[in-house]
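# Observations on the three-dimensional arrangement
Now for the letters of each chain:
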Amino acid sequence: MFRRSRIAVVLFALPLVACGGGSARPKADLAASKITTIGVNSYLWRASLDTLGFMPLLQTDSNGGVIVTDWYINPQTPTERMKVTVSILDQDLRADALRVAALREVNRNGQWVSSPVQAATTQKLEDIILTKARDLRRASIAG
């Protein structure tokens, strides 16, 4: 008899718990990746593509969040070429959700030779992409 009454109390109280007591649920600001079909933050993705738009693209994977460019030779410095890889690591728009890596080669006597990339170069690319991504997010919220 005691067992039946405990089950009845639990079953009776269950619908009240599920309703949440009638309080309204707070509305969350959804990240762009939560409402799109790509696997990474779409603001970072679009900003990365916009930033690297002047370079030929070798590979793009929106689900994995990887963009790889082909070698790019700046017409103003024809003896130097760059290759960039952007990795988007998270679905949230955060500074640590983005990683930029670059390769640089210099032409010496007709041969392309690896040369170090200044850390400021990759940092500058990350800053440009993050700024564009934030601008895209602000524009979509405003309107």
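Described in the following lines is the structure provided in the data block. (Residues numbered from 1 in each chain as written. Predicted model: local features only at pLDDT ≥ 70, side-chain atom pairs only at ≥ 80, totals over all residues. Heavy atoms only, no water.)

Roughly 310 Å³ of internal volume is contained in the largest pocket. Of all the secondary structure elements, the ones that give two or more residues to the lining of the largest pocket are strand E4 (80–88) and helix H3 (119–142). No other element matches the four residues that E4 contributes to the lining of the largest pocket. When grouped by side-chain class, the residues that make up the lining of the largest pocket number nine nonpolar, four polar and three charged. (1 Å grid on protein atoms, 1.4 Å probe; cavity = no way out; pocket = protein on both sides within 12 Å on 5 of 7 lines; lining within 4 Å. Points joined across faces, edges and corners; volume = space filled by probe spheres on them. Helix = DSSP H or I, 4+ residues; strand = E, 2+ residues; numbered from the N terminus. Nonpolar A, V, L, I, M, F, W, Y, C, P; charged D, E, K, R; others polar.)

Counted under the stated rule, the structure contains one aromatic pair. A ring pair is formed by Phe54 and Tyr72, whose centres lie 5.0 Å apart and whose planes are at 80°; its orientation type is edge-to-face. Placement of Phe54 in the loop between helix H2 (42–51) and strand E1 (57–61) and of Tyr72 in strand E3 (residues 72–73) is noted, with a sequence separation of 18 residues between them. The exposure class assigned to Tyr72 is partly exposed, which follows from its relative accessible area of 22%. Sitting above the plane of the Trp71 ring, Arg81 keeps its charged end 4.4 Å from the centroid. (Phe/Tyr/Trp six-rings, centres within 6.5 Å; stacked < 30°, edge-to-face > 60°. Buried < 20%, exposed > 50% of the residue type's maximum accessible area, 1.4 Å probe, protein only. Lys NZ or Arg CZ within 6 Å of the ring centre and 35° of its normal.)

Another aspect to go through is the pattern of salt bridges. Scanning all chains against the criterion turns up four salt bridges. With a shortest N-O distance of 3.1 Å, Glu80 and Arg104 are connected by a salt bridge. Of the two residues, Glu80 is situated in strand E4 and Arg104 in strand E5 (residues 98–108); the sequence distance between them amounts to 24 residues. Judged by its relative accessible area of 23%, Arg104 falls in the partly exposed class. Glu105 is paired through a salt bridge with Arg81; the nearest N and O atoms lie 2.6 Å apart. You can see Glu105 sitting in strand E5 and its partner Arg81 sitting in strand E4, a full 24 residues away along the chain. (Salt bridge = Lys/Arg side-chain N within 4 Å of Asp/Glu carboxyl O.)

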